[in-house]
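An overview of the molecular structure
As a plain string of letters, each chain reads:
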Number of protein chains: 2
Amino acid sequence: MSNQPFIGMDPEEFRKHGKEVVDWIADYLKNAEKYPVFSRVKPGEIKNQLPATPPATSEKMELILADFHRIILPGITHWNHPGFFAYFANSASAPGILGEMLATALNVNGMLWRTSPSATELEEVVTDWLRQMLGLPSEFQGVIIDTASVSTLVALTAAREAMHKRVREEGLSGRTDLPHLRLYCSDHTHSSIEKAAIILGVGQEGVRKIPSDAQFRMKPDQLAAAIAEDKKNGWLPFAVVVTVGTTSTTSIDPVPAIADICQMEKLWLHVDGAYGGMAAIVPEMRSVLDGCDRADSLVTNPHKWLFTPMDCSVLFTRHVDTLKQAFSLVPEYLKTTDGKVNNYMDWGVQLGRRFRALKLWFIIRSFGVEGMIGILREHCRLAREFALWVDADNNFERLAPVPFSVVCFRYHPKGILDEGKLEHMNAQIIDRINTTGEAFLSHTKLNGRYTIRLAIGNIATAEKHVARVWKLVQQESAKL
Amino acid sequence: MSNQPFIGMDPEEFRKHGKEVVDWIADYLKNAEKYPVFSRVKPGEIKNQLPATPPATSEKMELILADFHRIILPGITHWNHPGFFAYFANSASAPGILGEMLATALNVNGMLWRTSPSATELEEVVTDWLRQMLGLPSEFQGVIIDTASVSTLVALTAAREAMHKRVREEGLSGRTDLPHLRLYCSDHTHSSIEKAAIILGVGQEGVRKIPSDAQFRMKPDQLAAAIAEDKKNGWLPFAVVVTVGTTSTTSIDPVPAIADICQMEKLWLHVDGAYGGMAAIVPEMRSVLDGCDRADSLVTNPHKWLFTPMDCSVLFTRHVDTLKQAFSLVPEYLKTTDGKVNNYMDWGVQLGRRFRALKLWFIIRSFGVEGMIGILREHCRLAREFALWVDADNNFERLAPVPFSVVCFRYHPKGILDEGKLEHMNAQIIDRINTTGEAFLSHTKLNGRYTIRLAIGNIATAEKHVARVWKLVQQESAKL
């Protein structure tokens, strides 16, 4: 032992416990549906079981693992459960876990090419694989970022930089040469766009939300009118964010018409395809990205709908130079003489960069493109099937089209017109189902109507799980 | 198999390969020093071995793992190597890897309390443990963020919000009521502060770099003078960033004097203790955080100097309300009725949040506080010892004090006065040592002088490795 390097515990102990953990993970993934999907603990229940002060001396790994099972697990909401239908369901697929184990052990920081050439070059390769799978043009280059929130922040920072108004140097405030900036999105755009605008100094008032049509898609004519009005009133438009698969209903903004406007107005077009963009890998769904070949940037998240453990978001752009122009800062201690290599730290916010390409490489190879297509196709088929069941039941109504794998619906028995009462009933249905531990649903509101969202996206979700949640919905609604 | 949920591969295959991976990790961590620490591949060498297009059909995990060993490993720069002395060395400790394996498998998104109560409540507990270990006052609350770059961005967004100038709502541009914003740091501050200023719309000109003294510490009198001058000239100061452990030399800004200025001027005081702040867990080094109890926010990175696999940065603040005021955006689909719980998505940029608290909990318990103190103490002792060797050799000179575990020095034989020549010689020493594969060094510049940095921070680094790199430095310099 004394001649061995210290790695925090005896290597043989690590070997033993590591294998126990692998055994547990294998059993857990096989049996995830035996856990209640939605944790039943009350606020404070986990915290109250944990010591308020850290241990002075080392504790045995046996004890730590036992506490993990005894204290932590009951407070887990099981995103791996095939009955997880809330938000956007995701998946910790087995090949992804293997890749992540190795990346964690290697623990490289891919800030510079030289700090692990494989991290940089594999990232170049797998993001280009993904680009091809999505059918994006070869001018797009990809970078892996932790989340879509940060990917969008990076894209909009670049959009601001593309105005060439010396924002990087002079900032935004106290300038008489710079009007109030404005970016455009729909009233169904994800909250991360508004968050990015706050951070960037654009402000919430600098986000103009264009109304959507009856199918929750941005109205291009209203966008054009808003831009014209804003310009007349002295605003400086700089970007439009469209969404392929909005969070509430997974609607798809009419990108080709909006791309026309962006081209005419010279505005940066950013596509939020964090969830829905991935569907473009399915040949018959390729059209969901129609017009996105004309975008300036596009984000899609393998950790949402490509079976990749959190976190892994891919930002594509045809303007890497603009990204670098916005972000590159190379202090002396990070200068290298490696020549024409790619130092990804120059592409965004974070200097610390985990080796996320590894798990994505494991996943794409292990599933194969056809394997991934098959799963996404099946998720969409299940959603359409569920939609048919809803449509066939007079006590229910569907509240949005189903272009992907999410169904928006509600219980609406004949004769009840009071929205408050409908909201209360549907909220009760969700709560009661979530309490069963068999399925986990979340909600949204559409035109003021409280809406149940069924989001299919976990790799283990099969027809029987979708049928089961429909049965639960019917049972719980019948009790009301 | 058909009755089993699909997890991306056969669960028994996962079990088998998972154990192989654990065996490999155990052997790898034991034998990391048998690899060349600095990858020897040439640009493009990894990429050229990888197919340009993704595989259409599934590939066997045996093949993927074989390619990992054959193609990826040679392009890894081994951050686990005890001879890794570049940048800030870090550690993928064995307990941290076990915690990360479980977090990856659970794959929860800790955006809301309800999306896994354990993720939120364990984060509250372990960040408070760390707060106590650092000796920070109980008003500080912690949140785990991926990197210090983002932690600092979050802190400075809050600082901007704290001005109460309706920046969140109105943004920064096109406003006649808002002068040009300014924040202050030293000329040794990390590049991430300037990057945050760019993103925030403060701009590079909005970052005023205060000169440092001979020991690379911000001069408080110059700070006070700069603020006075800027106010007279119409700037709006809003924040000061001090560093405990700067990147080049690990110098410590005089926080108490600067805190006085911030108090008087009502400026947000942010402490960048990403690396050096952690040393405050060592009782006799507690004073490195003197004055930081008066800060508004402080960041320190367990993934730097607390044996935590990437990524894990902890942001402490006494102004959680201001963070939430800046960032909280709760669309309908994320609204809950859970009552008074903590939804960490409101504290920062990212909506997607990995369960990072788990690995930190494993680490603190497995090492115990005393165990962690012992390792940091030893790293600092080794650095002081190395500094003595440098000081005792007439051909070398030390270029900065050694308050932590980094030594700045250069080869400087008597009679050579030309800085260009000295730079060339010292760059050659680094290059030649890095080529040996036994040690990896990086550089900085101090007052125009090219400087070799020896950064001790990997958990496996022992006296023999430090002695060895000193021998290599002497050998290579003698050859010049």
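Residues numbered from 1 in each chain as written. Chains lettered and ligands numbered in written order. Predicted model: local features only at pLDDT ≥ 70, side-chain atom pairs only at ≥ 80, totals over all residues. Heavy atoms only, no water.

This part takes up the relation of the copies chain B and chain A. Take chain B, turn it by 180 degrees, move it 0.0 Å along the axis, and it overlays chain A with an RMSD of 0.0 Å. The two molecules are tied by a two-fold rotation axis, judged by turn and shift. Looking at the interface residues of chain B, 100% of them are also at the interface in chain A, so both copies use one shared face. (Least-squares fit on C-alpha atoms with pLDDT ≥ 70 in both. Contact = heavy atoms within 4.5 Å.)

As enumerated under the stated definition, the model contains 83 salt bridges over all chains in all. A salt bridge links B:Arg15 to A:Asp27, with the nearest nitrogen and oxygen atoms 2.8 Å apart. Remark: A:Asp27 occurs in helix 1 (residues 11-31) and B:Arg15 occurs in helix 1 (residues 11-31); the pair is interchain, linking two chains. The buried category is assigned to B:Arg15, whose relative accessible area is 14%. (Salt bridge = Lys/Arg side-chain N within 4 Å of Asp/Glu carboxyl O. Helix = DSSP H or I, 4+ residues; strand = E, 2+ residues; numbered from the N terminus. Buried < 20%, exposed > 50% of the residue type's maximum accessible area, 1.4 Å probe, protein only.)

Tracing the chain through its elements places A:Ala462 in the loop between strand 11 (449-455) and helix 14 (463-479). Here A:Ala462 falls in the partly exposed class, since its relative accessible area comes to 29%.

With that settled, consider the side chain of A:Thr246. All names here are of chain A. As for its position among the elements, Thr-246 is in the loop between strand 4 (236-243) and helix 9 (255-265). Assessed through its relative accessible area of 0%, Thr-246 is described here as buried. Of note is the side chain of Thr-246, whose polar atom sits 3.4 Å from the side chain of Thr-249. Once residues within four sequence positions are removed from consideration, Thr-246 is found in contact with Phe-88, His-188 and Ser-251. (Polar contact = N/O pair within 3.5 Å; in protein donor to acceptor, adjacent residues only side chain to side chain.)

Time to look at the domain arrangement of chain A. All names here are of chain A. Partitioning chain A into structural domains gives domain 1 (109-354) and domain 2 (368-479). Its C-alpha centre places domain 1 at a distance of 31 Å from the equivalent point of domain 2. Counting from both sides, the interface comprises 24 residues of domain 1 and, opposite them, 23 residues of domain 2. Surface buried jointly by domain 1 and domain 2 totals about 1900 Å² across both partners, of which 73% is contributed by carbon and sulfur atoms. Remark: the boundary between domain 1 and domain 2 carries one salt bridge. Between Arg-377 and Glu-284 there is a salt bridge, and its shortest N-O distance comes to 2.6 Å. At the junction of domain 1 and domain 2, the tally comes to six residue pairs in polar contact (both at pLDDT 80 or more). Of the residues assigned to the side of domain 1 that touches domain 2, the class counts are 15 nonpolar, eight polar and one charged. (Domains from an automatic or database assignment. Buried area = accessible area lost by both parts, 1.4 Å probe. Nonpolar A, V, L, I, M, F, W, Y, C, P; charged D, E, K, R; others polar.)

The subject of this paragraph is the confidence of the model for chain A. Mean pLDDT over chain A works out to 97, with 99% of the residues at or above the 70 mark. Here the prediction assigns the complex a pTM of 0.98, and the interface score ipTM is 0.98. (pLDDT = per-residue confidence, 0-100.)

Our focus in this paragraph is the sheet that holds strand 10 (residues 442-446) of chain B. All names here are of chain B. The four strands lie next to each other as 8-9-11-10, forming an open sheet whose pairing is antiparallel. Two strands bound the open sheet, and with one partner strand each, they are strand 8 (396-398) and strand 10. On average, each strand axis in the sheet is tilted by 40 degrees relative to the strand beside it, whichever way the strands run. Relative to strand 11 (residues 449-455), strand 10 runs antiparallel, the two sharing five bridges. The residue of strand 11 that forms the bridge with Ser-442 is Arg-453. Across the sheet, helix 12 (residues 357-392) lies against strand 8, strand 9 (406-411) and strand 11, angled at about 20 degrees from strand 9, the strand it touches most. (Pairing = 2+ DSSP bridges. Axes fitted to C-alpha atoms, helices over the stretch in contact; angles between N-to-C directions.)

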